[in-house]
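# Secondary and tertiary structure notes
Okay, here's what each chain looks like letter by letter:
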Amino acid sequence: MIAAGCASPHDDGTTLTFWTIGREGEAVVKLLPEFERMHPGVHVKVQQLPMTAAHQKLLTAFAGSSTPDLSQLGNTWLPEFAALNALEPLQPRVDRSAAVKQDDYFANIWATSVIDGKLVGVPWYVDTRLIFYRTDLLKAAGFNAPPRDWNEWRKALAALSKPQDGIYGILLPTNEYEQLMSLALQQPEPMLRDGGRYGNFRSEGFRRALSFYVDTFRLHQAPPITNVEAGNPWDEFGRGVYAFYFSGPWNIGEFRKRLPATEQDDWATAPLPGPDGAGVGAAGGSSLVIFRQSEHKDEAWTLIEYLSRPDVQQRFYELLGDMPARRSAWDGDGLRNDPKVLAFREQLEHVKPTPPVPEWEQIANEMQLVAAQAVAGTLSIDEAAAEMDRRADRILEKRRWILDHERHAAGAAP
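What comes next is a walk through the structure. Because the structure is predicted, anything quoted here is derived from the model rather than measured.

## Topic: the overall build of the protein
Secondary structure assignment for the protein yields 20 helices and 17 strands. The globule rule puts the C-alpha radius of gyration for 414 residues at 22 Å, and the 23 Å found for the protein is close to it. Overall, the C-alpha framework of the protein stretches about 70 × 60 × 35 Å when taken along its three principal axes. Sequence separation of at least 24 residues holds for 76% of the intrachain contacts in the protein that already meet a minimum separation of 6. For the protein, the accessible area works out to roughly 18400 Å², and carbon and sulfur atoms hold 50% of it. Averaged over its 43 positive side-chain charges, the protein has a centre that lies 2 Å from the centre of its 55 negative ones.

What follows is the structure in structure tokens.
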């Protein structure tokens, strides 16, 4: 547990419990002294949950009526807790707020917090995946700019891959679903259909994404290995084993820390290429939520307003590297003048939310397990797509039952 402020059990006022996940807790406690000075009757107690245990601890807290006042929730977890009716609707508070301005947020990042038409969170920080690439290697191969579409990307990957020498165009760990998911989000068809009742992996768009993904391995432009087998990807990227790395914003700091100063000008970031032009990415990140059981909703909202201020979001980025959800926060010098960061700013205007169903992470993991079989050559594209639909439909069986039951109940009502 990380306690912010110096409240004692005998202090007058309100104590807010705030749960964070991972390293965010370490950074947020450095932002809270100012909040407590501004609100002397409010004290904040921060509990930092480890990523591996956070989901279960939150569910256990809900079942035991012991949820905190407010928490950080990953965007893919919001549908689950919204389905449990655990979260306070926030749109009325946003409508009255002088601090939280909806039109200042990246539109599709904001959309991740709207579940079944209700706003249940306020985006805190954003995350998306794009390409890190070796500028020197691309230039030596005759490419003066990063690829803008899949055709250009394929040509660059072909030119940069020398599998006989252990050199590949890109690293795509076969146990990570984010890469294939990002390619699938670039398609016009959703990955789930009929209101999230069934898988839609046999759609033309998904099969196109899966084919591009699998072909990258079939053409020996990526090694068929997991992230465990990949070892140290930063060192391998620096040595030129991979010219492209498909990853997120935290790796800006990692590459700056791990690569020597003489190599810092040899890499850059670029938005994702799409099938026929600029590509969309996945709208990831975390939101701040208030639990319905909280007895201090007004004070919790005041803290959300404070953490949503552009200047506070800039400080949060400086402390941790988590990118702001508000456009105006990107006007700070640390973001605006950093060439490695600007591609993320551009990508965030072109992102899509993942399917807003509680079962999505489970489905995505199954999708990747099947995709790995296609990479290994044991399933064709059509067979893999059909198997993904089969697994998704099985996972969604309870969801279909609930939705159908609710519909029949509504139809039977007088």
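## Focus on the side chain of Q187
Examined against the element boundaries, Q187 turns out to sit in the loop between helix 9 (178–185) and strand 10 (192–193). Each residue touching Q187, except ones within four places of it in the same chain, is listed here: W150, G205, F206, R208, A209, P275 and K352.

## Some thoughts on the nonpolar core
Counting 109 residues, the largest nonpolar core has F18, W153, Y213, F244, L303 and L307 as the members making the most contacts within it. Setting aside its immediate chain neighbours within four residues, Y213 contacts L172, P173, T174, L180, L183, Q368, A371 and V375. Judged by nonpolar contacts, the second largest core, of 16 residues, contains L49, F81, V289 and F291.

## Quick notes on the side chain of T112
Mapping T112 onto the fold places it in the loop between helix 6 (107–111) and strand 5 (114–115). Using a relative accessible area of 7% as the deciding quantity, one classes T112 as buried. A polar atom in the side chain of T112 sits 3.2 Å from the side chain of N75.

## With respect to helix 17 (residues 339–347)
What helix 17 keeps buried is the set K340, V341, A343, F344 and Q347. Buried residues along helix 17 cover an arc of 150 degrees about the axis, so they all sit on one side. Of the residues flanking the start of helix 17, the one acting as N-cap is D338, its side-chain oxygen 3.0 Å from the backbone nitrogen of K340.

## Regarding the packing of aromatic side chains
Inspection of the entire model under this criterion finds 20 aromatic pairs. When the ring of W153 is compared with that of F244, the centres are 6.3 Å apart and the planes differ by 70 degrees; the resulting orientation is edge-to-face. Taken together, the residues W153 in helix 8 (residues 150–160) and F244 in strand 12 (residues 242–247) connect sequence positions 91 residues apart. Of the two residues, W153 and F244, both sit in the buried class. Residues F201 and F206 carry aromatic rings whose centres are separated by 4.9 Å and whose planes lie at 80 degrees to one another, so their mutual orientation is edge-to-face. For F206, a relative accessible area of 2% corresponds to the buried category. Members of the aromatic cluster, connected to one another through ring pairs, are F132, F237, Y245, F255, W267 and F344. Sitting over the ring of F212, R154 keeps its end group 4.2 Å from the ring centre. Of note, R258 hangs over the ring of W234, and the distance from its end group to the ring centre comes to 3.7 Å.

## Some thoughts on unusual backbone geometry
For N85, which is not a glycine, the phi torsion comes out positive at approximately 60 degrees. In this structure, N85 sits in the loop between helix 4 (78–83) and helix 5 (91–96). According to the relative accessible area criterion, N85 is partly exposed, its value standing at 46%. With phi around 60 degrees, H220 is a residue other than glycine that occupies positive phi space. Look at H220 and you get partly exposed, because its relative accessible area is 48%.

## Comments concerning helix 8
Burial in helix 8 covers these residues: W150, W153, R154, A156, L157 and L160. Considered in projection along helix 8, the buried side chains sweep an arc of 165 degrees and stay on one side of the axis. At its buried positions, helix 8 is contacted by strand 8 (130–134), helix 7 (135–140), strand 9 (168–171), helix 9, helix 10 (204–218) and strand 12.

## Considerations on the pairing of strand 7 (residues 122–127)
Among the six residues in strand 7, five count as buried, and that is most of the element. Examined bridge by bridge, strand 7 and strand 15 (residues 284–290) share five bridges and lie antiparallel to one another. Its bridge partner being in strand 15, V126 is matched across the sheet by G285. Across two bridges, strand 7 lies against strand 16 (residues 323–324) in antiparallel orientation. By the bridge assignment, Y125 is partnered in strand 16 with P324.

## Concerning the packing of helix 10 against helix 19 (residues 381–395)
For the pair helix 10 and helix 19, interaxial distance at closest approach is 10 Å and the crossing angle is 125 degrees. Here helix 10 is positioned oblique relative to helix 19, judged by the angle of their axes. Viewed along their axes, helix 10 and helix 19 form a crossing whose handedness is right-handed. In contact with F206, R207, L210, S211 and V214 of helix 10, helix 19 contributes I381, D382, A384, A385 and M388. Split into classes, the residues belonging to the contact of helix 10 with helix 19 amount to seven nonpolar, one polar and two charged.

## Brief notes about the packing of helix 18 (residues 360–376) against helix 19
The interhelical angle for the contact between helix 18 and helix 19, taken along N-to-C directions, is 155 degrees, at an axis separation of 9 Å. Classed by the angle they form, the pair helix 18 and helix 19 counts as roughly antiparallel. Remark: the crossing between helix 18 and helix 19 carries right-handed chirality. Contacts between helix 18 and helix 19 involve Q362, I363, E366, M367, L369, V370, A371, Q373 and A374 from the first element and A384, E387, M388, R391, A392 and I395 from the second. Broken down by class, the residue content of the contact of helix 18 with helix 19 amounts to ten nonpolar, two polar and three charged.

What counts, and at which threshold
- Residues numbered from 1 in each chain as written.
- Predicted model: local features only at pLDDT ≥ 70, side-chain atom pairs only at ≥ 80, totals over all residues.
- Heavy atoms only, no water.
- Helix = DSSP H or I, 4+ residues; strand = E, 2+ residues; numbered from the N terminus.
- Rg over C-alpha atoms; globule rule 2.2 N^0.38 Å.
- Contact = heavy atoms within 4.5 Å.
- Areas by Shrake-Rupley, 256 points an atom, 1.4 Å probe, with all protein chains shown as cover.
- Lys, Arg positive; Asp, Glu negative; His and termini not counted.
- Charge placed at Lys NZ, Arg CZ, Asp CG, Glu CD.
- Core = buried A, V, L, I, M, F, W, Y, C linked by side-chain atoms within 4.5 Å.
- Buried < 20%, exposed > 50% of the residue type's maximum accessible area, 1.4 Å probe, protein only.
- Polar contact = N/O pair within 3.5 Å; in protein donor to acceptor, adjacent residues only side chain to side chain.
- Arc of directions from axis to C-beta.
- Phe/Tyr/Trp six-rings, centres within 6.5 Å; stacked < 30°, edge-to-face > 60°.
- Lys NZ or Arg CZ within 6 Å of the ring centre and 35° of its normal.
- Pairing = 2+ DSSP bridges.
- Axes fitted to C-alpha atoms, helices over the stretch in contact; angles between N-to-C directions.
- Parallel < 35°, antiparallel > 145°, perpendicular 65-115°, else oblique.
- Left-handed = near helix turned anticlockwise from the far one by under 90°.
- Nonpolar A, V, L, I, M, F, W, Y, C, P; charged D, E, K, R; others polar.

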